[in-house]
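Here is how the chains run, residue by residue.
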Amino acid sequence: YTLEGHERGVNCIDYYPSGDKPYILSGADDRTVKIWDYQTKSIVHSLDGHSHNVCSVMFHPKLPLICSASEDGTVRLWQSTTYRAETTLNYGMERAWALAATRETTKLAIGFDEGCVVIELGSDDPVVSMDGTGKVVWAKNNEIQTTTVRGLAGAVDDEDALPDGERLPVIPRDLGACELYPQAIKHNCNGRFIAVCGDGEYIIYTAQALRNKAFGQAIDFVWSATGTGDYAIRESTNRVKFFKNFKESRAIKPATASADALFGGHLLGVKGGDSAVLFYDWDSGEFVRKIDVAPKEIYWSDAGNLVLIACADSAYVLSYNAATTASAIAMGQMSPEDGVDGSFDLLYEISDNITSGEWVGDCFLYCNSSGRLNYSVGGKIQTLVHLDTNSSGATTHRILGYLAKEDRVYLVDKSLNIVSYKIMLAVLQYQTAVMRGDFDAANELLAVIPEAEYTTIARFLESQGFKEEALEVTTDDDHKFDLSLELGKIAIAHGLMEEIPPDEKNSIDTMAKWKKLSDAALKISDFELTEACSLASDDFPGLLLLYSAVGNFDGMEALAAAAQKKGKTNVAFIAYLLTGNVEACANLLIDTNRLPEAAFFARTYLPSRVEEIVSLWKADLSKVSETAANALADPKTSPDLFPDLDVALQVEKMFLAQREATKATGISASDYPTAKDDLELDLIALVKSQAVAAPPPPPPPAPPAPPAPPPAPPAPPSDEPPENPFAAVDDPVDDAAAKAAEKAEADRRAREAAAAAERRRAEAEARRLAEEAAAAEAARIAAEEAAAAEAARLAAEAAAAEAARIAAEEAAAAEAARIAAEDDDLNDFGDDW
């Protein structure tokens, strides 16, 4: 059959997408769009408005819209149920030819002569609501569905429990179709009724069976927080109606230029066009208070004593005094301009962009625009979890509600996927009690909180400054370790480190903890604990600092060996050098192939090994450059390039002998005032000077041999025993040698005294010459200054004379000019006459 009705050619058609209506859409050159019922073969409605041929038409597959594109360059959108013209789009891209859309999104693609445009229609926020028992109602197009989330996440100790953030396996149930296109769904205070709003209308249904309870025309609809059938509607920008038990009770005109939105709760909030919100009492309709902020949503606590006003970039938490307000209304003590004084008090501000939220006692749970699930207790913000975001970084979730019996908060995304997160009510109540300063109630609540939540409690206490209490509560060893260090309880931290399992002792985290403990022990001068922590963490630089500061020779030797074994050659070298083990220093430089440094080190400290190390350096350098290797000199082949090498060898022996002599006992710290000057001694120059000052004494001349005595006559025999032929007698040769040595010693002392006197005389002469030179220099400087002063005086006199001359010349010139002027006047007298 043929459907006739267009006056000119038909360009495009489209079928109604859902199939529940037998409609066909058509566009023609007669500039109209027609809706046909292909069963009755009649025209349902005709849409006029285009000024040129209609090229493309379509039913939007997701939204209740009819779209039409025309050669007049415009795209018109019409309501598909009321056929009301919604808007006209014109992007100045010449003729519009094609339209396209998808079922999954609200986007619309438009093809023009000069390009393509993709726009997003309406909002893609889910139309969903949850009551206090976990029943969820949502809308998909005109279809209303319900489900429940109770018990789906499972218990905490259940092996089959879903992890936090996992999508809940909800099973929806159809409630029926709505007569209007839902743009918002809201449960009332007890969850028995739901209000569906859209297209300037509202319908109130029963939540169980979707039976119609009430309906009407309204731009906005909000429920009261107390009465079952109490609600308010905004009919226009200057008229708001109150309903009590589903019956109209009163109407008011808000005290603002334009009422732009309504907010439900314990008071009715009216958003004014002057960036303010006005609160009205539900029962009397009296004006309570005006607050100069521009809210986008208002959240009331269940008790009605707290209210959060969410604005674009921040939120304000206020306390509401219901008793003061009720008393003022009963006694008529309201100001028409200010309302009731003392009805609201500002508690704190939250600097965040809140997209959705829910009060749980005195704690506020909310999602922000950057995809975080946070909660606020007394103005302190805690982040629970980071949520998924879209490509622009905006959050895709909103809070549905909180079930206290399951200790879970439920969220829904734009695709109606529901997730949950564990948040214990007792924990929130404990934190609220702490913020109020009620520690008795907090301690009672702590007894019913599982130990698994103690770490969360401890971190909250730490953020509030109660670190002692946090240390007692926490069960996390890492947290307890950090707290004990902050509180200066080093023994607790050390005990925790001693309890670390063996398989974790060498981990990076454990080493970092030992280092922290070492620093903390060092601050209180507990050197034994500092040493133990540094040894446990292989903190060789710390040990080097400690041992060098306290003079621990044995520890420094052990550190040198341990550092060399661990490959910390810099620390090992310094430790060896500080202990005087220059041989180990040289060997360490050779082992690490630092042969040039080893050669120069040996030239200073170990001249006996210079030849050995230079030969190693030559062999290594010859691999790179034979010429450079041959250019290296050693004491054997070039002794002239190593002056005083023999003296250096003597100094080395002296140093090694001194090291061996003091190795057992060490050098006392009390010797530092005198020993520190030895660091500046030039040992080679000292040895050379001593050798010059004390030449070896010449050997004494041999005394002349005495003449031989005549032979003695034989002695008469005697009864006394004969004398011992080996008895000691004075040796004249030894006496002469002793005298010669004494004389040489006396001569040496005389020479030293003479040298000392000569040195003192030379020093006195040098001081005299220096003083004379200084005096001469001072005289020269004084003469130069006097000459400069005289020159300045003469220059000043010359300048003064020159100025006087110039002044005289100027005066003479002026006098001459005056005389000439007088003569000229006399000469001109006759001419003027």
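Residues numbered from 1 in each chain as written. Predicted model: local features only at pLDDT ≥ 70, side-chain atom pairs only at ≥ 80, totals over all residues. Heavy atoms only, no water.

## Describing the environment of leucine 3
Tracing the chain through its elements places leucine 3 in the segment before β1 (10–15). Judged by relative accessible area, leucine 3 falls into the partly exposed class, the value being 27%. Remark: the alpha-carbon pair of leucine 3 and tryptophan 36, spanning 33 residues in sequence, is separated by 8.1 Å. Setting aside anything within four residues of it in sequence, one finds leucine 3 in contact with Trp36 and Lys41. (Helix = DSSP H or I, 4+ residues; strand = E, 2+ residues; numbered from the N terminus. Buried < 20%, exposed > 50% of the residue type's maximum accessible area, 1.4 Å probe, protein only. Contact = heavy atoms within 4.5 Å.)

## What about the environment of aspartate 313?
Its place among the elements puts aspartate 313 in the loop between β29 (306–310) and β30 (315–320). A relative accessible area of 61% places aspartate 313 in the exposed class. Separated by 437 residues in sequence, aspartate 313 and alanine 750 place their C-alpha atoms 99 Å apart. Setting aside chain neighbours within four positions, we find aspartate 313 in contact with Ser351, Asp352 and Asn353.

## Here's the deal with the sheet that holds strand β22 (residues 239–244)
An order of β20-β21-β22-β23 is seen for the four strands of this open sheet, with the pairing classed as antiparallel. Both outer strands of the open sheet, β20 (220–223) and β23 (247–252), are each paired with one neighbouring strand and no more. On average, each strand axis in the sheet is tilted by 25° relative to the strand beside it, whichever way the strands run. Note that β20 and strand β21 (residues 231–236) share four bridges and pair antiparallel. From the neighbouring strand, aspartate 220 faces β21, where its bridge partner is arginine 234. (Pairing = 2+ DSSP bridges. Axes fitted to C-alpha atoms, helices over the stretch in contact; angles between N-to-C directions.)

## Brief notes about the sheet that holds strand β34 (residues 372–377)
The antiparallel open sheet is built from four strands, whose spatial order is β32-β33-β34-β35. Edge positions in the sheet fall to β32 (354–360) and β35 (380–386), since each of these pairs with one other strand and no more. Across this sheet, the average inter-strand angle for adjacent strands is 25°, counted without regard to direction. As judged from the six bridges shared by β32 and strand β33 (residues 363–368), these two strands associate in the antiparallel manner. Across the sheet, residue glycine 357 finds its bridge partner in β33, namely tyrosine 366. Where helix α2 (residues 425–436) meets the sheet, its contacts fall on β32, β33, β34 and β35, and the angle it forms with β34 comes to roughly 45°.

## Points about the packing of aromatic side chains
Where two aromatic rings form a pair, the distance of their centres and the angle of their planes describe that pair. Inspection of every chain in the model, using the stated rule, returns 26 aromatic pairs. Ring centres 5.2 Å apart and planes at 35° place the aromatic pair tyrosine 202 and phenylalanine 221 in the tilted group. Taken as a pair, tyrosine 202 in strand β18 (residues 201–206) and phenylalanine 221 in strand β20 lie far apart in primary sequence, 19 residues in all. Here tyrosine 202 matches phenylalanine 221 in class, with each residue buried. Seen from their ring centres, tyrosine 231 and phenylalanine 246 are 6.3 Å apart, and the 55° between their planes marks the pair as tilted. Of the two residues, tyrosine 231 is situated in strand β21 and phenylalanine 246 in the loop between β22 and β23; the sequence distance between them amounts to 15 residues. By relative accessible area, tyrosine 231 is classed as buried at 1%. Here phenylalanine 246 falls in the buried class, since its relative accessible area comes to 16%. Put simply, the rings of Phe193, Tyr202, Phe221, Trp223, Tyr231, Phe243 and Phe246 touch in pairs and so form one group of aromatic residues. (Phe/Tyr/Trp six-rings, centres within 6.5 Å; stacked < 30°, edge-to-face > 60°.)

Interpretation in functional terms is not warranted from these geometric data alone.
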